[in-house]
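# Structural features, examined
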Amino acid sequence: MYSDSHAHQSTGYLAPNDKYVRSFSPVVFWTVSGDETRQRVKYADERVCKSHLLNCCPHDILSGTRMDLGECTKIHDLALRADYEIASKDKDLFFELDAVDHLESFIADCDRRTELAKKRLAETQEEISAEVAAKAEKVHELNEEIGKLLAKAEQLGAEGNVDEAQKVLQEVEKVRTKKKDAEEEYRNSMPASSFQQQKLRVCEVCSAYLGLHDNDRRLADHFGGKLHLGFIQIREKLDQLKKTVVEKQEIRNQERLKRREEREKEEKLKKTTRSQSKEPKRRRRSRSASRDKRRSRSRERKRRQRSRSRSRGHRHNHEQSSRHKSSRDQQHSSRDGSRDGMNGRAESRRADDTGDL
């Protein structure tokens, strides 16, 4: 019996008491390890193989071949694939990006192995001239064509298309005639001892070795085999996914541009609305400002009028006071003059009186 921690280490899944697992509300995927150990995983979980969800994981496609990769390090489950297919109808999850990265890495590794195999063959096989190599390459190309046609004929026969299969076999006979002529040219271009040696070639698709003198059965088994067809499927799927990613990115960019234009229109409309709403306020402010100016001017005029009236009143009072003062001075002076005259007459009388005596 396994403990939860042991199940976590051996399966790569999280134990039931893990916080990350409890964050998923829907129960999407169950697996049992030991007796009662159950795990919950959602199709969007990073531990789920996105290539498997898109039906293009090399671990599935090449299973049972001489290049069997074993089990994938990520989770594979058909129920998760079904859930993903349902969810992808409502929205784009862009799992194609993960699958493209996965397949590109796998194909790049395969191409490196192909180049290394070519270098090994160049080092081990007897070196031949460029002319002889071209003739040998011609034989290899015809072998490849024969193998593909035979594989196609077998597939059509398995599907019940006997007439189509017979037509393909007729094409095979034509290619065999071309191959016979090409082999004759190749044989005549080199010594008989060298011709009998098996000239190998590396398959550009699956990096398997092909012989120059392989028979039709061997060619059909290779080009119609699971390994070669699996690599064709992987390469074609990679090209398809790249196109899908480009198309989706273009659609996303268009949607993003459309949303930006809509936001700009909304902002422009808001600015127009704000300016229209501010216009009456400006008018009210201008009217109130003009009223304030008129009031201030009227107050200024009144202030000036009051100041003028006060200045006039001051001048009038000053003039009145000055006239009053002058009149008083005149009165005082007349009084003084009358007093002097009276005093003079009194003195003259007194003088007259003294003279008579």
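The structure we're discussing is the one just above.
First, a word on scope: everything that follows refers to the structure included in this document.

Glancing now at the overall build of the chain. Each helix and strand in the chain was counted, giving 11 helices and 4 strands. Taken across its 357 residues, the chain has 28% of its residues classed as buried. Of all intrachain contacts in the chain linking residues separated by at least 6 positions in sequence, the fraction that spans at least 24 positions is 66%. Taken as a whole, the chain presents about 24900 Å² of accessible surface, with 48% of it coming from carbon and sulfur.

Turning our eyes to something else, we now look at a negative patch on the surface. Judged by side-chain charge, E261, E262, E264, E266 and E267 come together as a negatively charged surface patch. Tracing the chain through its elements places E261 in helix α11 (residues 226–356). Judged by relative accessible area, which is 40%, E261 ranks as partly exposed.

A cluster of basic residues, K293, R294, R297, R299, R301, K302 and R306, forms a positive patch at the surface. You can see K302 is positioned in helix α11. Judged by relative accessible area, K302 falls into the partly exposed class, the value being 48%.

Looking at the secondary structure, you find H59 in helix α4 (residues 58–61). Classification of H59 as buried rests on a relative accessible area of 18%. A polar side-chain atom of H59 sits 3.1 Å from the main-chain carbonyl oxygen of G70. In this structure H59 touches L69, G70, E71 and C72, once residues within four positions along its chain are discounted.

What follows deals with the pattern of salt bridges. Scanning the model with the defined rule gives 17 salt bridges in all. Each of E137, E144, K148 and R201 takes part in a single network of salt bridges with overlapping partners.

The next subject is helix α5 (residues 78–87). If you check which residues of α5 are buried, you get L80, R81, Y84 and A87. Angular distribution of buried residues about the axis of α5 spans 125°; they occupy a single face of the element. Residues of α5 that are exposed and angled more than 90 degrees away from the buried face: L78 and I86. Its buried side turned inward, α5 meets α3 (50–53), α4 and α6 (96–124). Of the residues flanking the start of α5, the one acting as N-cap is D77, its side-chain oxygen 3.0 Å from the backbone nitrogen of A79.

Okay, the packing of aromatic side chains next. A full pass over the atoms with the stated rule returns 4 aromatic pairs. Ring centres of Y84 and F95 lie 5.2 Å apart, and the angle between their planes is 20°; on these two criteria the pair is classed as stacked. Placement of Y84 in helix α5 and of F95 in the loop between α5 and α6 is noted, with a sequence separation of 11 residues between them. Residue classification places F95 among the buried positions, given a relative accessible area of 7%. Aromatic ring contacts, followed pair by pair, group Y43, Y84 and F95 into a single cluster. Lying across the ring of F95, K50 places its NZ or CZ 5.3 Å from the centre. In this arrangement the basic side chain of R252 is found over the ring face of F94, its NZ or CZ atom lying 3.9 Å from the centre.

The subject of this paragraph is unusual backbone geometry. Residue N55 is not a glycine yet carries a positive backbone phi of 60°. You can see N55 is positioned in the loop between α3 and α4.

Turning our eyes to something else, we now look at the nonpolar core. Judged by nonpolar contacts, the single largest core of 33 residues is most densely connected at Y43, L53, L54, L62, F231, I234 and L241. Contributions of two or more residues to this core are made by α5, α6, α10 (216–223) and α11. The residues touching L54, leaving out its near neighbours within four places in the chain, are Y84, F95, E96, A99, K237 and L241. V139, L150, A153 and L212 belong to the second-largest nonpolar core, a separate cluster that totals 17 residues.

On to the packing of helix α7 (residues 130–159) against α10. Between α7 and α10, the shortest axis-to-axis distance is 8 Å and the interhelical angle comes to 70°. As summarised for this structure, α7 and α10 are arranged roughly perpendicular, according to the angle between their axes. Contacts between α7 and α10 pair N143, E144, I146, G147, K148, L150, A151 and E154 from the former with D216, R217, L219, A220 and F223 from the latter. Of the residues that constitute the contact of α7 with α10, the class distribution is 6 nonpolar, 2 polar and 5 charged.

In this section: helix α8 (residues 162–188). Here α8 is 27 residues long and its end C-alpha atoms lie 39 Å apart, about the 39 Å a rise of 1.5 Å per residue gives. Residues A165, V168, V172, V175, K179, A182, E183 and Y186 constitute the buried set of α8.

Scoring rules and cut-offs
Residues numbered from 1 in each chain as written. Predicted model: local features only at pLDDT ≥ 70, side-chain atom pairs only at ≥ 80, totals over all residues. Heavy atoms only, no water. Helix = DSSP H or I, 4+ residues; strand = E, 2+ residues; numbered from the N terminus. Buried < 20%, exposed > 50% of the residue type's maximum accessible area, 1.4 Å probe, protein only. Contact = heavy atoms within 4.5 Å. Areas by Shrake-Rupley, 256 points an atom, 1.4 Å probe, with all protein chains shown as cover. Patch = residues over 30% accessible without salt bridge, like charges linked within 9 Å, V, L, I, M, F, W, Y side chains within 5 Å. Salt bridge = Lys/Arg side-chain N within 4 Å of Asp/Glu carboxyl O. Lys, Arg positive; Asp, Glu negative; His and termini not counted. Charge placed at Lys NZ, Arg CZ, Asp CG, Glu CD. Polar contact = N/O pair within 3.5 Å; in protein donor to acceptor, adjacent residues only side chain to side chain. Arc of directions from axis to C-beta. Phe/Tyr/Trp six-rings, centres within 6.5 Å; stacked < 30°, edge-to-face > 60°. Lys NZ or Arg CZ within 6 Å of the ring centre and 35° of its normal. Core = buried A, V, L, I, M, F, W, Y, C linked by side-chain atoms within 4.5 Å. Axes fitted to C-alpha atoms, helices over the stretch in contact; angles between N-to-C directions. Parallel < 35°, antiparallel > 145°, perpendicular 65-115°, else oblique. Nonpolar A, V, L, I, M, F, W, Y, C, P; charged D, E, K, R; others polar. Expected span 1.5 Å × (residues − 1).

Geometry only, nothing functional implied.
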